[in-house]
Amino acid sequence: SQQGEEDPQALSIQEGENATMNCSYKTSINNLQWYRQNSGRGLVHLILIRSNEREKHSGRLRVTLDTSKKSSSLLITASRAADTASYFCATDSSGNTPLVFGKGTRLSVIA
Amino acid sequence: IAGITQAPTSQILAAGRRMTLRCTQDMRHNAMYWYRQDLGLGLRLIHYSNTAGTTGKGEVPDGYSVSRANTDDFPLTLASAVPSQTSVYFCASSETGGRGGRFFGPGTRLTVL
């Protein structure tokens, strides 16, 4: 069963614009993670935000977490064509439940 | 080796055949995982291992088995392949406790006819 659900399923923007992807989840979490997957490749871990954190930055990436709304967002600023990929959120819930991935958002950045 | 390697890169397999997908990591991570990725379904966990000598079932374990004889290797075996096991398989690892990010291999594309 999917825990995290990304929105939108697909997003197309011009180079230089900002891209925002959202993730909603259902149960309490220890942390939430974002991954990128380029076509035909494995996933790459981007950023992890813990349940007691509200915002985290890494380069052009900004992640927010609202545990009261059970949602997170990933913002990519000043997007580049190389940012074209699928982006997945994954939730690490309490106990021994393994990390659960959403179905992803496909981002296309047009040069 | 740097990170995680998987073999083969791709394979076409007749239904009913036995197949082992190999995964090796050189990061000395305790935890390792096998996922399958299918269009429209995202990534689903098949089996995992929190440390050498232990394994556990994920969301979709039926038809698959794993072993963890040492820290570095985590092979996935399909005892008798069926067409529904056509998928892209990813091996991943993480540091102790599995609470951190996952490092993924490049994947194995498996087609069962």
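Before reading further, recall that the structure is shown in the block above.
This text gives an overview of the structure that appears in the document. None of the values given here were measured: they were computed from a predicted structure.

Focus: the packing of aromatic side chains
Step number 1: Per the stated rule, a full pass over the model turns up eight aromatic pairs over all chains.
Step number 2: Centre to centre, the rings of F101 of chain A and F104 of chain B are 5.9 Å apart; their planes meet at 80°, and the pair counts as edge-to-face. In this pair, F101 of chain A sits in strand β10 (residues 100–101) while F104 of chain B sits in strand β10 (residues 103–104), so the two residues belong to two different chains.
Step number 3: An aromatic cluster is present here, built from Y35 and F101 of chain A together with Y33, Y35, F90 and F104 of chain B joined pairwise through their rings.
Step number 4: Lying across the ring of F74 of chain B, R68 of chain B places its NZ or CZ 6.0 Å from the centre.

Description of the environment of L39 of chain B
Residue and element names in this part refer to chain B.
Step number 1: Turning to its location among the elements, L39 is positioned in the loop between β4 (31–38) and β5 (42–49).
Step number 2: Residue L39 is classed as exposed on the basis of its relative accessible area of 91%.
Step number 3: In the structure, L39 is positioned 65 residues away from F104 in sequence and 18 Å away in space, judged by C-alpha atoms.

Thresholds applied
Residues numbered from 1 in each chain as written. Chains lettered and ligands numbered in written order. Predicted model: local features only at pLDDT ≥ 70, side-chain atom pairs only at ≥ 80, totals over all residues. Heavy atoms only, no water. Phe/Tyr/Trp six-rings, centres within 6.5 Å; stacked < 30°, edge-to-face > 60°. Helix = DSSP H or I, 4+ residues; strand = E, 2+ residues; numbered from the N terminus. Lys NZ or Arg CZ within 6 Å of the ring centre and 35° of its normal. Buried < 20%, exposed > 50% of the residue type's maximum accessible area, 1.4 Å probe, protein only.

These values are about where atoms sit, not about what they do.
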